[in-house]
Amino acid sequence: MAFDEMDVDTIWMDGEFLDWEDATIHVLTHALHYGTGIFEGVRCYETDTGPAIFRWDAHLDRFYESAKPYELDIPYDPEELTEATVELIRREELSSCYIRPIAFYGYKRLGLNPSEGPPRTAIAVWPWGTYLGEDALEQGVDVGVSSWRKYSSSQIPTSSKTTGAYVNSVLASLEARRHGYVEAIVLNDEGNVAEGPGENLFLVRDGEIFTTGLAEGILDGITRRSVIQVARDLGYTVHDEATISRGELYTADELFFTGTAAEGTPIRSVDDTAVGERTRGPVTEDVQSRFFEILETQPDEYADWFVPV
Ligand SMILES: Cc1ncc(COP(=O)(O)O)c(C=O)c1O
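Per chain, residues are indexed from 1 in the order of the written sequence. With the structure being a predicted model, the display of local features is reserved for residues of pLDDT at least 70 and the display and counting of side-chain atom pairs for 80 or more, all residues being used for whole-chain, interface and lining totals. Values reported for side chains reflect all heavy atoms of the structure, with hydrogen atoms and water molecules removed beforehand.

Trainee: What is the right way to look at a negative patch on the surface in this model?
Mentor: In this analysis, a patch consists of residues with relative accessible area above 30% that form no salt bridge, clustered at 9 Å for like charges and at 5 Å for the nonpolar side chains Val, Leu, Ile, Met, Phe, Trp and Tyr. Only the protein chains shown count as cover for residues, and the accessible areas themselves come from Shrake-Rupley with a 1.4 Å probe. Criterion for a salt bridge: a side-chain nitrogen of Lys or Arg within 4 Å of a carboxyl oxygen of Asp or Glu. Counted as positive: Lys and Arg. Counted as negative: Asp and Glu, with His and the chain ends omitted from the count. Here the site of a charge means NZ on Lys, CZ on Arg, CG on Asp, or CD on Glu. Residues D9, D19, E21 and D22 make up a contiguous surface patch of negative charge. Here a strand is any run of E in DSSP of at least two residues, a helix any run of H or I of at least four, and the numbering for each starts at the N terminus. Tracing the sequence through the fold places D22 in the loop between β2 (16–19) and α1 (30–34). The classification of residues rests on relative accessible area computed with a 1.4 Å probe and restricted to protein chains. Under 20% of the type maximum is buried, over 50% is exposed, and intermediate values are partly exposed. Accessibility expressed as a relative area gives 45% for D22, which makes it partly exposed.

Trainee: Got a minute to help me understand helix α8 (residues 282–297) in this structure?
Mentor: One full turn of an α-helix is made of 3.6 residues, so residues set three or four places apart face in the same direction. Given the number of residues in a helix, its expected span is that number minus one, multiplied by 1.5 Å. End to end, α8 covers 22 Å across 16 residues, agreeing with the expected 22 Å (1.5 Å per residue, within 8%). Turning to α8, its buried residues are V283, T284, V287, Q288, R290, F291, I294 and L295. Axial view of α8: buried residues confined to an arc of 165 degrees, hence all on one face. Q298, located one to two residues past α8, shows a positive phi value of around 45 degrees. Comment: arc refers to directions from the helix axis out to C-beta atoms.

Trainee: It is not clear to me how the environment of L219 should be interpreted in this structure. Could you clarify?
Mentor: Relative to the assigned elements, L219 resides in the loop between β12 (208–212) and α6 (222–233). Sequence separation between L219 and A303 is 84 residues; the distance between their C-alpha atoms is 25 Å. When neighbours within four sequence positions are excluded, L219 is seen to be in contact with R62, K150, T158, S159, S160, K161, Y166, E195 and N200. Contacts were defined at the residue level, with two residues in contact if any of their heavy atoms lie within 4.5 Å.

Trainee: Even after reading the chapter, I still don't get the site of the ligand, so can you show me in this structure?
Mentor: For the ligand, the set of nearby residues contains 15 residues, the closest of which are K161, Y166, I222, T223 and T260. A 3.5 Å cut-off defines polar contacts: any pair of N or O atoms within that distance qualifies, except that in protein one atom must be a possible hydrogen donor and the other a possible acceptor, and neighbouring residues in sequence count only when both atoms are side-chain atoms. In this structure, a nitrogen atom belonging to the ligand sits 2.8 Å away from a side-chain N or O atom of E195. For the ligand, the protein covers 95% of the area, taking 380 Å² as the surface of the free molecule. Ten residue types, Ala, Val, Leu, Ile, Met, Phe, Trp, Tyr, Cys and Pro, are classed as nonpolar, four, Asp, Glu, Lys and Arg, as charged, and the remainder, Gly among them, as polar. Along the lines of polarity and charge, the residues of the shell around the ligand split into four nonpolar, seven polar and four charged. The near set for a molecule or strand comprises every residue that places at least one heavy atom within 4 Å of it.

Trainee: I'm lost on the pairing of β2 in this one. Help?
Mentor: Strand residues, when the strand is regular, have side chains that alternate between the two faces of the sheet. One ladder, built from four bridges, connects strand β1 (residues 10–13) with β2; its direction is antiparallel. In the strand pairing of β2, M13 is matched with E16. In this antiparallel pair of consecutive strands, β1 and β2, the connection spans two residues, and D14 shows a positive phi of 50 degrees. By definition, two strands form a pair when at least two bridges between them are found by DSSP.

Trainee: In this structure, what is going on with the packing of helix α2 (residues 56–67) against helix α3 (residues 78–92)? I would like to understand it.
Mentor: Packed helices, taken two at a time, are described by the angle between their axes plus the distance between the axes. All axes are obtained by fitting lines to C-alpha atoms, using only the stretch in contact for helices, and the reported angles, taken between N-to-C directions, cover 0 to 180 degrees. Contact geometry for α2 and α3: axes closest at 11 Å, N-to-C directions at 125 degrees. Viewed along their axes, α2 and α3 adopt a mutual orientation that is oblique. For the crossing formed where α2 meets α3, the hand is right-handed. Residue-level inspection shows W56, L60, F63 and Y64 of α2 in contact with α3, the latter providing P78, L81, T82 and T85. To sort the angles, those under 35 degrees are grouped as roughly parallel, those over 145 as roughly antiparallel, those from 65 to 115 as roughly perpendicular, and the leftovers as oblique. By definition, turning the near helix anticlockwise from the far helix through less than a right angle yields a left-handed crossing, and turning it clockwise yields a right-handed one.

See the structure below:
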């Protein structure tokens, strides 16, 4: 997950390409104090025909939608953000990378109402490998159910990638690692499964696939949507509005995470209880390998998932 900023020397900020060290903000920036920012995480993959951004349009849609509840007007249109991103990747000559667009309230006067603060927008790109460890995609990861609950959508909009709300994910991640796990599973207020700190969750039982529904307070993950489609195209039955109880985690045949960072990562144990054979299960492997094949080869039926750089 670590990256070396020396690998990259340009950041796009408020309409300009800046040197990495010049892309800075004032210490009284509204978003720093109150978390009033929204962001995206996107991957650009090396493909047979050069670098291509995966599901850029869907990520951009979510970027603007995330901003809406906060009345944050992003002063750039999707074409301008696309142009800036493509130009950054070209300048850095990256064959694959992670893309981090962010928009937030800047500094004018510090007070809870952000409306006077100028909207700020930035995009950074950098090389990025696997998120949960090199072996994770094949061997699976050990996870623990967090004692922190996911906030509900009556508290913070769960469909918005709000910077401040990520303290919830940070707490769950810290706790998981403190207990020796690679990642957490976070329950919602009702005590049912929500998701991971930065991943959606899928469960396999008797050959059918279940994933927690949006009403469980999850982020509407773009990898989740993609994997649902890939699995259905492979002929699997996918229940995408499932409620999954905590107990079902321990008796599942297979579990896996999806996310831009985690891609498709098998879960081999929950709270030290083995999931299936304590390794990647056959359905997970099938869906995962088709997903990676699509990323690499961009078959015609998924062509609209890719924006060439
Ligand atoms: C809380 C949370 N859930 C799920 C996801 C997965 O979403 P996506 O597949 O769009 O990256 C993320 C990552 O953005 C996340 O932060």
